[in-house]
Amino acid sequence: MKEIRMKALAKINLGLDVVKKREDGYHEVRMIMQTVKLYDQIDIHKMDKPGIRLKTNLQYLPVDENNLAYRAARLLIEEFGIPKGVSIRLRKVIPIAAGMAGGSSDAAAVLVGLNRIFQLGLTKQELMERSVKLGADVPYCILRGTALAEGIGEKLTRLPAMPKCHVLIAKPGIHVSTKMVYTNLRADELVSHPDIDGQIAAIRERDLRRAAELMGNVLETVTIPAYPVIGKIKEKMMAYGALGAMMSGSGPTVFGLFEDEEKARYAYEKMRRGSLAKQVYLTRIMNHGGDANDR
Ligand code: ATP
């Protein structure tokens with residue numbers, strides 16, 4: 001095999017709780033992760049000459065070791081002493097710095113792709129173990145589907161699949177730094193926490209409405225006061241008939257879950273024509289297994 005085409009799928013958080021701030025400064029989290037069918041396309045070609053060549057459709061993205069896709073390739077090439085090189089073409093679709101794990105998912109797809117084209121024989125578990133060096137969300141991006149993430153996000157437990165639904169994604173044209181959000185979070189003073197266990201039970205019972213009702217993200221306590229547009233997008237989505245609307249990760253992307261396709265389409269059109277969001281997508285959740293050609 002000389003080349004391979006991969007899909008790097010985005011994630012949303014159906015629930016995000018911060019349990020505590022650790023002494024080393026990291027936050028311990030409990031998050032329900034969910035893959036959605038919004039993806040970057042990654043083409044990987046083997047080259048006879050050593051080296052990593054990366055090209056993207058976005059001029060401002062780094063194409064050196066500052067790009068997670070590059071670092072992922074380097075990790076396996078170095079560990080296995082692969083004498084050949086790779087050329088990677090990355091077509092970004094997932095909003096950047098948006099709380100949707102775009103970079104982590106690119107890294108995950110590159111690891112899985114290199115494992116295949118160079119026939120390294122690593123299992124999914126072995127890839128996941130290595131991938132945490134690249135970022136706490138990367139193991140999840142290899143696992144995909146519905147999962148509980150604990151620790152700093154790297155301790156994963158697969159959950160039963162989230163019931164199928166439509167997902168409206170809207171990113172306002174603002175930049176929110178993940179570091180700023182966690183620095184300003186008063187983890188010890190949070191007055192309410194999302195009911196992550198209740199949400200897991202709802203997912204297990206395939207109760208979409210209840211799972212959506214229980215959505216909650218403690219990081220909104222930092223971002224919504226600082227960036228009211230996030231709260232406004234949530235309100236609009238609820239007004240358009242979402243079963244639940246919430247910020248994903250550290251934001252600023254907001255997503256809404258819809259059972260009814262027509263309502264979802266209507267909300268998508270309204271949101272696209274409105275002025276609150278710069279990037280708007282309508283997609284679906286994607287469960288473990290997914291399409292046979294999804295990687
Ligand atoms: P998370 O949900 O894990 O917090 P995110 O959506 O906030 O991720 P990304 O889109 O992954 O953030 O990228 C954040 C930063 O990382 C960007 O500012 C970008 O310069 C850098 N970066 C490195 N590699 C990539 C990549 N492959 N795709 C996007 N951004 C990348």
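Everything numeric in this text was worked out from a predicted model, so none of it was measured.

Asks: Which residues make up the overall build of the protein, and what values go with them?
Replies: A count of helical and extended segments in the protein gives 10 helices and 11 strands. Whereas a compact globule of 295 residues would reach a radius of gyration of roughly 19 Å, the protein reaches 19 Å, a difference of no more than 12%. On the principal axes, the C-alpha backbone points of the protein span a range of 55 × 45 × 35 Å. When the 295 residues of the protein are sorted by exposure, 56% land in the buried category.

Asks: A description of the environment of Val 167 should follow, citing residues and the corresponding values.
Replies: Relative to the helices and strands, Val 167 resides in strand 7 (residues 166-171). Given the relative accessible area of 0%, Val 167 is considered buried. Note: C-alpha distance between Val 167 and Ser 192 (25 residues apart in sequence) is 26 Å.

Asks: Please give an account of the site of the ligand that cites residues and values.
Replies: Around the ligand there are 20 residues in total, and Asn 67, Ala 97, Ala 101, Gly 103 and Asp 106 lie nearest to it. Contacts to the ligand include Asp 137, whose side-chain N or O atom sits 3.0 Å from an oxygen atom. Protein contact buries 76% of the 610 Å² of open area that the ligand shows by itself. Within the shell around the ligand, the residues separate by chemical class into nine nonpolar, seven polar and four charged.

Asks: Describe the domain arrangement of the protein, listing the residues and the values that go with them.
Replies: Once the domains are mapped, the protein shows domain 1 (3-158) and domain 2 (166-284). A C-alpha centroid distance of 23 Å is found between domain 1 and domain 2. Taken together, the contact pairs 25 residues of domain 1 with 33 residues of domain 2. Buried area between domain 1 and domain 2, summed over both chains or domains, comes out near 2,300 Å², and the portion from carbon and sulfur atoms is 63%. Where domain 1 touches domain 2, the interface holds one salt bridge. Residue Arg 30 pairs with Asp 197 through a salt bridge whose shortest N-O separation is 3.1 Å. The tally of links between domain 1 and domain 2 comes to 12 residue pairs in polar contact (both at pLDDT 80 or more). Those elements giving two or more residues to the side of domain 1 that touches domain 2 turn out to be strand 1 (3-21), strand 2 (27-47) and strand 5 (146-150). No other element matches the nine residues that strand 1 contributes to the side of domain 1 that touches domain 2. Taken together, the residues of the side of domain 1 that touches domain 2 sort by class into 15 nonpolar, five polar and five charged.

Asks: Before we move on, can you summarise the packing of helix 1 (residues 68-79) against helix 2 (residues 102-117) with the specific residues and values?
Replies: In the contact formed by helix 1 and helix 2, the axes pass within 8 Å of each other and the chain directions differ by 30 degrees. With respect to each other, helix 1 and helix 2 are oriented roughly parallel. By crossing handedness, the relation of helix 1 to helix 2 is classed as right-handed. Counting all contacts with helix 1, which are made through Leu 68, Ala 69, Ala 72, Ala 73, Leu 75, Leu 76 and Ile 77, the residues of helix 2 involved are Gly 103, Ser 104, Asp 106, Ala 107, Val 110, Leu 111, Leu 114 and Asn 115. Each residue belonging to the contact of helix 1 with helix 2 can be placed in one class, and the counts come to 11 nonpolar, three polar and one charged.

Asks: Outline the pattern of salt bridges, supporting the account with residue identities and numerical values.
Replies: Within this structure, the stated rule accounts for 16 salt bridges. One salt bridge connects Asp 106 with Lys 92, and the closest N-O pair in it is separated by 2.9 Å. One end of the pair, Asp 106, is in helix 2; the other, Lys 92, is in the loop between strand 4 (85-91) and helix 2, with 14 residues separating them in the sequence. Taking relative accessible area as the criterion, Lys 92 reaches 10% and is therefore assigned buried. In this structure, a network of salt bridges that share partners links the residues Arg 5, Asp 43 and Arg 89.

Analysis parameters
Residues numbered from 1 in each chain as written. Predicted model: local features only at pLDDT ≥ 70, side-chain atom pairs only at ≥ 80, totals over all residues. Heavy atoms only, no water. Helix = DSSP H or I, 4+ residues; strand = E, 2+ residues; numbered from the N terminus. Rg over C-alpha atoms; globule rule 2.2 N^0.38 Å. Buried < 20%, exposed > 50% of the residue type's maximum accessible area, 1.4 Å probe, protein only. Near = heavy atom within 4 Å. Polar contact = N/O pair within 3.5 Å; in protein donor to acceptor, adjacent residues only side chain to side chain. Areas by Shrake-Rupley, 256 points an atom, 1.4 Å probe, with all protein chains shown as cover. Nonpolar A, V, L, I, M, F, W, Y, C, P; charged D, E, K, R; others polar. Domains from an automatic or database assignment. Contact = heavy atoms within 4.5 Å. Buried area = accessible area lost by both parts, 1.4 Å probe. Salt bridge = Lys/Arg side-chain N within 4 Å of Asp/Glu carboxyl O. Axes fitted to C-alpha atoms, helices over the stretch in contact; angles between N-to-C directions. Parallel < 35°, antiparallel > 145°, perpendicular 65-115°, else oblique. Left-handed = near helix turned anticlockwise from the far one by under 90°.

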